[in-house]
Amino acid sequence: AGITVRMVTGDNIHTAQHIARECGILASTDEFIAMEGPVFRELAEKNKAELHQMLPRLRVLARSSPEDKLTLVRNLKELGHVVAVTGDGTNDAPALKESDVGLAMGIA
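Residues numbered from 1 in each chain as written. Predicted model: local features only at pLDDT ≥ 70, side-chain atom pairs only at ≥ 80, totals over all residues. Heavy atoms only, no water.

Undergrad: Mind showing me how you'd approach the nonpolar core here?
TA: What tends to happen in soluble globular proteins is that the nonpolar side chains get buried as a cluster. Met35, Phe40, Met54, Leu55 and Leu58 are the most contacted members of the largest nonpolar core, which totals 16 residues. Only strand S2 (33-36), helix H2 (37-46), helix H3 (48-54), strand S3 (58-62), helix H4 (66-78) and helix H5 (93-98) provide two or more residues apiece to this core. The greatest single-element share of this core, amounting to three residues, is contributed by H4. Beyond its immediate chain neighbours, meaning those up to four positions away, Met35 contacts Ile13, Phe40, Leu43, Met54, Leu58, Val60, Leu61 and Ala62. Counting eight residues, the second largest nonpolar core, distinct from the first, contains Met7, Ala16, Ala20 and Leu26. (Core = buried A, V, L, I, M, F, W, Y, C linked by side-chain atoms within 4.5 Å. Buried < 20%, exposed > 50% of the residue type's maximum accessible area, 1.4 Å probe, protein only. Helix = DSSP H or I, 4+ residues; strand = E, 2+ residues; numbered from the N terminus. Contact = heavy atoms within 4.5 Å.)

Undergrad: How should I be thinking about the sheet that holds S3 in this particular structure?
TA: The parallel open sheet is built from three strands, whose spatial order is S1-S3-S2. Unpaired on one side and paired on the other, strand S1 (7-8) and S2 mark the two borders of the sheet. Two elements, S2 and S3, share four bridges in a ladder whose sense is parallel. Note on S3: the bridge partner recorded for Glu36 is Ala62. Packed on one face of the sheet, H2 meets S2 and S3 and runs near 90 degrees to S2. (Pairing = 2+ DSSP bridges. Axes fitted to C-alpha atoms, helices over the stretch in contact; angles between N-to-C directions.)

Undergrad: Any chance you could explain the pattern of salt bridges here in plain terms?
TA: When the charged atoms of two side chains lie near each other, side chains of opposite charge can form a pair. Enumeration over the complete set of coordinates arrives at seven salt bridges. Here Lys46 ties to Glu42 by a salt bridge, and the two come within 3.6 Å at their closest N and O atoms. Pair noted here: Lys46 and Glu42 are both in helix H2, with a separation of four residues, about one helical turn. Judged by relative accessible area, which is 66%, Lys46 ranks as exposed. As a salt-bridge pair, Lys69 and Asp92 come within 3.1 Å of each other at their nearest N and O atoms. In this pair, Lys69 sits in helix H4 while Asp92 sits in the loop between strand S4 (84-87) and H5, placing the two residues 23 residues apart along the sequence. (Salt bridge = Lys/Arg side-chain N within 4 Å of Asp/Glu carboxyl O.)

Undergrad: Would you mind going over H4 with me for this structure?
TA: Note that an α-helix has 3.6 residues per turn; residues three or four places apart therefore point the same way. Taking 1.5 Å per residue, 13 residues should reach 18 Å; H4 reaches 19 Å between its end C-alpha atoms and fits that length. Looking at H4, one finds that the buried residues are Asp68, Lys69, Leu70, Thr71, Leu72, Val73, Asn75 and Leu76. The secondary structure elements touched by the buried residues of H4 are S1, H2, H3, S3, S4 and H5. Directly after H4, the chain includes Gly80, whose backbone phi takes a positive value near 95 degrees. (Expected span 1.5 Å × (residues − 1).)

Undergrad: I tried to follow the environment of Ser28 on my own but got confused; where do I start?
TA: When you line up the elements, Ser28 lands in the loop between helix H1 (13-23) and S2. Judged by relative accessible area, which is 66%, Ser28 ranks as exposed. Here the alpha-carbon distance between Ser28 and Gln17, two residues 11 residues apart in the chain, equals 9.5 Å.

Bear in mind that shape data such as this cannot, by itself, settle questions of function.
Have a look at this one:
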């Protein structure tokens, strides 16, 4: 169906990569990449063209901030993607609102 799953988390890069491999988001032989929030932020601020070129390969964004999640959503939409976001806290609200499909999760 052409769906790409990306994991955006506050966890450290090693934990995020391990979980992503267990879930099938990332494989050890993939050409896909995992990146930390500070590196993503710098790329987004300094070189949007390079960011757009990298995004199709990005599968894991670790040590990310809520602003990183929002930046990811905005840039994927600029590239013509339909973006769905899940979130479980108020810090996820901006990315949920910006996305085409926002799924807020919580305990009822």
